[in-house]
Amino acid sequence: GINEPITSPTFALAQHYPNGHTPLIHLDLYRIEDSQLANELFLQEEEEAKSIKGIMAVEWSERLALDLPEAWIAKLKYTKNDKRTIQVIPPHNQ
């Protein structure tokens, strides 16, 4: 239900989309190599997502040093003709 382009927040680190059916916070940890700093940013944004009853999408989540057993994992695969497929894995299948 988000009616605007969703872009990678690589330079801003986080983009907020509060006006969708479910609000979205999109976090990109690519530029944060220190896991403690990544953890702090994640936890701050997670608190915001909970307060607005939203969800978070996190790129480069391997930068985190947190155990996130409730997290869903999305795996993107590139196919022929520059197409992409996504596999979404629920928490209990990881």
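From a predicted model like this one, the values you see are computed outputs, not experimental measurements. (Residues numbered from 1 in each chain as written. Predicted model: local features only at pLDDT ≥ 70, side-chain atom pairs only at ≥ 80, totals over all residues. Heavy atoms only, no water.)

1. Some thoughts on the overall build of the chain
Working step 1: Counting its regular elements, the chain contains 1 helix and 5 strands.
Working step 2: Reading the secondary structure of the chain in the N-to-C direction produces β-β-α-β-β-β.
Working step 3: Taken along the three principal axes of its C-alpha coordinates, the chain extends 40 × 30 × 30 Å.
Working step 4: Taking the intrachain contacts of the chain between residues at least 6 apart in sequence as the baseline, contacts between residues at least 24 apart amount to 37%.
Working step 5: With the model as given, the accessible surface of the chain reaches about 7100 Å², and the carbon-plus-sulfur share is 51%.
Working step 6: Charge centroids of the chain, computed over 9 positive and 14 negative side chains, lie 12 Å from each other. (Helix = DSSP H or I, 4+ residues; strand = E, 2+ residues; numbered from the N terminus. Contact = heavy atoms within 4.5 Å. Areas by Shrake-Rupley, 256 points an atom, 1.4 Å probe, with all protein chains shown as cover. Lys, Arg positive; Asp, Glu negative; His and termini not counted. Charge placed at Lys NZ, Arg CZ, Asp CG, Glu CD.)

2. Some words on helix α1 (residues 35-51)
Working step 1: Over its 17 residues, α1 runs 24 Å from end to end, which matches the ideal 24 Å to within 8%, given 1.5 Å per residue.
Working step 2: Of all the residues in α1, the buried ones are A38, N39, L41, F42, E45, E46 and A49. Buried residues of α1, viewed axially, fall in a sector of 170°; they line one side. Away from the buried face of α1 by more than 90 degrees, exposed residues E40, Q44, E47 and S51 are located.
Working step 3: On the buried face of α1, the contacting elements are β1 (14-17), β2 (24-28) and β3 (55-59).
Working step 4: Structurally, the start of α1 carries an N-cap: the backbone nitrogen of Q36 is 2.8 Å from a side-chain oxygen of D34.
Working step 5: Taken from the residues just after α1, K53 is the one with a positive phi, measuring 55°. (Expected span 1.5 Å × (residues − 1). Buried < 20%, exposed > 50% of the residue type's maximum accessible area, 1.4 Å probe, protein only. Arc of directions from axis to C-beta. Polar contact = N/O pair within 3.5 Å; in protein donor to acceptor, adjacent residues only side chain to side chain.)

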